[in-house]
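In case you want the letters, here they are:
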Amino acid sequence: MGNTVSCCVSRGGSPKVSRARRQPERPDVYQVEVELNEPDSGPSLQHISDREVPDDLVPESNPSDHPRASTIFLSKSQTDVRDKRKSNHINHVSPGQLSKKYSSCSTIFLDDSTVSQPNLKSTIKCVTLAIYYHIKNRDSDRSLDIFDEKLHPLSREEVPEDYCRRDPEHKHIYRFVRTLFSAAQLTAECAIVTLVYLERLLTYAEIDICPSNWKRIVLGAVLLASKVWDDQAVWNVDYCQILKDITVEDMNEMERQFLELLQFNINVPASVYAKYYFDLRSLADDNHMNFPLESLSKERAQKLEAISRLCEDKYKDLSKVAMRRSLSADNLVGIRRSNAVLS
């Protein structure tokens, strides 16, 4: 009976053996401690965020994962932007900035698009323009069979023989994406996440978006973004009702391979989302696509003032709580505030 504790511990076991021997009257407590400290011999599942990233996918160089990496679409558009500016300078053509509205002493114009609530129509135009520059200034035509429109057509119409050589215009891309977003009632935030997934696919899978695969790549990115971002996601069968000639099996297979190519990395940090939003704004400015401006009315000014007061009161309450924590228990320390002097 006296050796019950020592029999439960192997040689080289826990260093608590000596303490347990000094307390032989409580062997049950020691046995529980040994069992809790034993390493788990069962299989451990590693979280996706803890997995090692391949050398060719360093986060700092991938814009869809790292907030400090430059977006691909903005760098691809710079060539055309420089050519347009050079042509306008040589031909003495006005860039068209005079048509933009500016605030004055009597009238104030506000942009209704923010990073948390972007304007839907303008955001879709910017996202489709980014896709247009991806296709136009692509480096090569690397693709996969699952995204080839010839092998997996989206409609019953015969695909032209030169389908892989004709670059789509911006208006064609915009009509395709607008149809999906209008029919599925998707949000502007979903459009930004769609662009993030698209560039992540091109980086991870090392492929290019080109005339032969752009529709299916955009469709796969929209499908995934709608399920991840929106609370009320659209089912695959709903997209089959939008695109009448596509089958559910084809949609399921494309979604499965899309996720595998993304290595199931569907996380979009807030910093990455904000970077893409402001880069889309820069792309709009470079291409003279002004976001809609509205004059500041009396009702809207009162609404903005009410919102600012709520935020101000909230931060005042937080500062008071912080001040109370800094006081001593006997309230012997007071906080002195000095009035600001404006000269």
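Use the structure listed above.
Computed from a prediction, not measured in an experiment: that's the story for all the values here.

1. A word on helix α10 (residues 248-261)
With 14 residues, α10 extends 20 Å from end C-alpha to end C-alpha; this agrees with the ideal 20 Å at 1.5 Å per step. Those residues of α10 not exposed but buried are Asp250, Met251, Met254, Glu255, Phe258 and Leu259. One side of α10 carries all its buried residues, which in axial view fall inside an arc of 160°. Contacts from the buried residues of α10 go to α7 (188-205), α8 (214-229) and α9 (236-242). A positive backbone phi angle near 55° is found at Gln263, which sits one or two residues after α10.

2. Points about the packing of aromatic side chains
A ring pair, where both rings are aromatic, is described by two values, the distance of the centres and the angle of the planes. Under the criterion given, the structure shown has six aromatic pairs. Measuring from ring centre to ring centre gives 5.6 Å for Trp229 and Tyr273, while their planes differ by 10°; the resulting arrangement is stacked. Placement of the pair is Trp229 in helix α8 and Tyr273 in helix α11 (residues 270-286), with a sequence separation of 44 residues.

3. Brief notes about a nonpolar patch on the surface
Taken together, the side chains of Ile108, Leu296, Leu304 and Ile307 define a hydrophobic patch exposed on the protein surface, amounting to about 300 Å² of accessible area. Here Ile108 is to be found in the loop between α4 (72-90) and β1 (109-111). Since its relative accessible area comes to 40%, Ile108 is described here as partly exposed.

4. As for the packing of α8 against α10
Axis separation between α8 and α10 bottoms out at 10 Å; the angle between their running directions is 80°. In terms of their interaxial angle, α8 and α10 are classed as roughly perpendicular. Side by side, α8 and α10 meet where Arg216, Ile217, Leu219, Gly220, Ala221, Leu223, Leu224 and Lys227 of the first sit next to Asp250, Met251, Met254, Glu255, Phe258 and Leu259 of the second. Split into classes, the residues belonging to the contact of α8 with α10 amount to nine nonpolar, one polar and four charged.

5. Things to note about the environment of Trp235
Inspection of the secondary structure assignment puts Trp235 in the loop between α8 and α9. For the pair formed by Trp235 and Ala184, sequence separation is 51 residues and the distance between their alpha carbons is 9.7 Å.

6. Concerning the side chain of Thr71
Position of Thr71 among the secondary structure elements: in the loop between α3 (27-37) and α4. There is a polar contact of 2.8 Å between the side chain of Thr71 and the side chain of Asp279. Not counting residues up to four positions away in its chain, the partners in contact with Thr71 are Pro63, Glu199, Lys275, Tyr276 and Asp279.

7. Remarks on the pattern of salt bridges
A side chain of one charge can pair with a side chain of the opposite charge when the charged atoms of the two come close. Counted according to the given criterion, the structure contains 12 salt bridges. Arg138 is paired through a salt bridge with Asp167; the nearest N and O atoms lie 3.2 Å apart. Here the residue Arg138 occupies a position in the loop between α5 (120-136) and α6 (170-184), and Asp167 occupies one in the loop between α5 and α6, the gap between them amounting to 29 residues. Accessibility expressed as a relative area gives 39% for Asp167, which makes it partly exposed. Two residues, Lys171 and Glu169, come together in a salt bridge whose shortest N-O distance is 3.7 Å.

Rules used in this analysis
Residues numbered from 1 in each chain as written. Predicted model: local features only at pLDDT ≥ 70, side-chain atom pairs only at ≥ 80, totals over all residues. Heavy atoms only, no water. Helix = DSSP H or I, 4+ residues; strand = E, 2+ residues; numbered from the N terminus. Expected span 1.5 Å × (residues − 1). Buried < 20%, exposed > 50% of the residue type's maximum accessible area, 1.4 Å probe, protein only. Arc of directions from axis to C-beta. Contact = heavy atoms within 4.5 Å. Phe/Tyr/Trp six-rings, centres within 6.5 Å; stacked < 30°, edge-to-face > 60°. Patch = residues over 30% accessible without salt bridge, like charges linked within 9 Å, V, L, I, M, F, W, Y side chains within 5 Å. Areas by Shrake-Rupley, 256 points an atom, 1.4 Å probe, with all protein chains shown as cover. Salt bridge = Lys/Arg side-chain N within 4 Å of Asp/Glu carboxyl O. Axes fitted to C-alpha atoms, helices over the stretch in contact; angles between N-to-C directions. Parallel < 35°, antiparallel > 145°, perpendicular 65-115°, else oblique. Nonpolar A, V, L, I, M, F, W, Y, C, P; charged D, E, K, R; others polar. Polar contact = N/O pair within 3.5 Å; in protein donor to acceptor, adjacent residues only side chain to side chain.

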